[in-house]
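Geometric and topological summary
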Protein chains: 2
Amino acid sequence: MSDDLDLTPLRREVLDMIKASARPIKAYELLGLLSRRRGRVARAPTIYRTLDYLTRCGLIHRIESLNAYQACAHAPACPEHVFLICDDCGEVSEIESMDARIALEIASTARQFRAEQVSIEVHGACRACGTETPARAKKP
Amino acid sequence: MSDDLDLTPLRREVLDMIKASARPIKAYELLGLLSRRRGRVARAPTIYRTLDYLTRCGLIHRIESLNAYQACAHAPACPEHVFLICDDCGEVSEIESMDARIALEIASTARQFRAEQVSIEVHGACRACGTETPARAKKP
DNA sequence: TCGCACGTGTTATATTATAACATCACAAGC
DNA sequence: GCTTGTGATGTTATAATATAACACGTGCGA
């Protein structure tokens, strides 16, 4: 995770595809897109290595509970991030919560645990989906 | 997720195996253990259904970033849980952080997001591993 | 020029998870 | 008693996710 980025054409292309996606996107979806763009098949390691690099740089985040990736909403290397994941429509928004961050920091150090990487994923219903008639009005 | 548990022999056996494990345990590890205990192979759906049930009941938690399961440290249905995951020794401890919980509640409702399920996973170094000479002294 | 570091390609395979259907036991209602 | 429905479990097959290991090329400093 050195400070200077090395955005090769492949890495830029994958990053652009992730940014272009309205929702978190999966590795094999990217693989399909990449293959079509290039006119020849891309293989799994290609995409996983690239995702790994972009993640380590802080340009994208992996959403563990979805096995999917999303561009970081807060420039490279935001220190902490909370994902609000709507289980109805699939939308994911990345927010910040300084208070949560501090609380976790305190809780960790109280146990002499040195926190390096925090993942907070909140599943539920977004504004649009949550305000529909209770108990799942969507998707007939 | 009704209130009354239906702990069949299979479910109890799997729950016991998870409780007996010092570390989070993976689905296919459980599958192997179960097969040996019974003297005949158990298949993947058996274990996944059971894990799903135990998770829904709140008896165990799935640790997303590890694809593994751990018994809940706080009786059935604890409302929230933070996992401190040591990347060195693999130990995972489940703690509570009311403050983090409240912070996330506030952040969610501010965005009119109805939170249903929160997953907080903190990777880093536990006390034992973190106090060794800096930069990974372990695992020769 | 040599050799190394590193990005990417390629082949193969490991790991994690689910769909779909079969069977069985038990309980509610006739 | 019998039937029928429901839910747990078994079984077969396959999907989805991820990594190991090695090959190749390019650029760069010794």
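To keep things clear, this report deals only with the structure shown in the data block. Source: prediction; values computed, not measured.

Overview of the environment of Ala71 of chain A
Residue and element names in this part refer to chain A.
- Mapping Ala71 onto the fold places it in strand E2 (residues 68–71).
- Owing to a relative accessible area of 16%, Ala71 belongs among the buried residues under this scheme.
- Note: C-alpha distance between Ala71 and Ile25 (46 residues apart in sequence) is 9.5 Å.
- Among residues more than four places away in sequence, those in contact with Ala71 are Ile18, Lys19, Leu59, Ile60 and Glu94.

Details of the packing of helix H1 (residues 9–20) of chain B against helix H2 (residues 27–38) of chain B
All names here are of chain B.
- Close contact between H1 and H2 brings their axes to 11 Å; oriented N to C, the two are set at 120°. Between H1 and H2, the crossing angle belongs to the class labelled oblique. Crossing hand, H1 versus H2: right-handed. Every residue of H2 that contacts H1 at Leu10, Glu13, Val14, Met17 and Ile18 is listed here: Leu30, Leu33, Leu34, Arg37 and Arg38.

Let's talk about the packing of H2 of chain B against helix H3 (residues 44–57) of chain B
All names here are of chain B.
- It is the contact of H2 with H3, at a shortest axis distance of 9 Å, that shows an interaxial angle of 115°. In the packing of H2 onto H3, the handedness of the crossing is right-handed. On H3, the residues touching Ala27, Tyr28, Leu30, Leu31 and Leu34 of H2 are Ala44, Thr46, Ile47, Tyr48 and Leu51.
- Residue classes in the contact of H2 with H3 are distributed as 9 nonpolar, 1 polar and no charged.

Let's talk about the interface of chain B and chain A
- On the side of chain A, 33 residues touch chain B, which itself brings 33 residues to the contact.
- Counting across the chain B and chain A interface gives 10 residue pairs in polar contact (both at pLDDT 80 or more).
- Going through the elements one at a time, strand E3 (82–86), helix H4 (98–110), strand E5 (114–125) and helix H5 (127–130) of chain B are the ones with two or more residues in the side of chain B that touches chain A.
- Considering each element in turn, the side of chain B that touches chain A owes the most residues, 12 residues, to E5 of chain B.
- Split into classes, the residues belonging to the side of chain B that touches chain A amount to 16 nonpolar, 9 polar and 8 charged.
- Relative to E5 of chain B, strand E5 (residues 114–125) of chain A runs antiparallel, the two being bridged by 11 bridges.

Here's the deal with the packing of aromatic side chains
Residues and elements named next belong to chain A.
- Counting across every chain of the model gives 2 aromatic pairs over all chains.
- With 6.3 Å between their ring centres and 65° between their planes, Tyr28 and Tyr48 make a pair best called edge-to-face. A residue pair is termed long-range when its members are at least 10 positions apart, and Tyr28 in helix H2 (residues 27–38) and Tyr48 in helix H3 (residues 44–57) qualify at 20 residues.
- The exposure class assigned to Tyr48 is partly exposed, which follows from its relative accessible area of 38%.
- The ring of Tyr53 has Arg11 lying over it, and the distance from NZ or CZ to the ring centre is 3.6 Å.

Here we look at the sheet that holds strand E4 (residues 92–95) of chain B
- Spatially, 6 strands are ordered E4(A)-E3(A)-E5(A)-E5(B)-E3(B)-E4(B) in an open sheet, and the strand pairing comes out mixed. The outermost strands of the open sheet, each flanked by one partner alone, are strand E4 (92–95) of chain A together with E4 of chain B. Between one strand and the next, the sheet's axes are offset by a mean angle of 20°, whatever the strand orientation.
- The strands touched by helix H4 (residues 98–110) of chain A are E5 of chain A together with E3, E4 and E5 of chain B; relative to E5 of chain A, the strand with the most contacts, the crossing angle is about 135°.
- Its contacts with the sheet put H4 of chain B on strand E3 (82–86), E4 and E5 of chain A together with E5 of chain B, and the angle it makes with E5 of chain B is roughly 135°.

A look at the protein's contact with DNA strand D
- Taken together, 17 residues are adjacent to DNA strand D, and Lys26, Tyr28 and Arg62 of chain A together with Thr8 and Arg49 of chain B come closest.
- When atoms of DNA strand D within 4 Å of the protein are sorted by moiety, sugar and phosphate together comprise 47%.
- Contact distances for DNA strand D include 2.4 Å between a phosphate oxygen and a side-chain N or O atom of Lys26 of chain A.
- At a separation of 2.5 Å, a base nitrogen of DNA strand D approaches a polar side-chain atom of Arg49 of chain B.

Conventions adopted
Residues numbered from 1 in each chain as written. Chains lettered and ligands numbered in written order. Predicted model: local features only at pLDDT ≥ 70, side-chain atom pairs only at ≥ 80, totals over all residues. Heavy atoms only, no water. Helix = DSSP H or I, 4+ residues; strand = E, 2+ residues; numbered from the N terminus. Buried < 20%, exposed > 50% of the residue type's maximum accessible area, 1.4 Å probe, protein only. Contact = heavy atoms within 4.5 Å. Axes fitted to C-alpha atoms, helices over the stretch in contact; angles between N-to-C directions. Parallel < 35°, antiparallel > 145°, perpendicular 65-115°, else oblique. Left-handed = near helix turned anticlockwise from the far one by under 90°. Nonpolar A, V, L, I, M, F, W, Y, C, P; charged D, E, K, R; others polar. Polar contact = N/O pair within 3.5 Å; in protein donor to acceptor, adjacent residues only side chain to side chain. Pairing = 2+ DSSP bridges. Phe/Tyr/Trp six-rings, centres within 6.5 Å; stacked < 30°, edge-to-face > 60°. Lys NZ or Arg CZ within 6 Å of the ring centre and 35° of its normal. Near = heavy atom within 4 Å.

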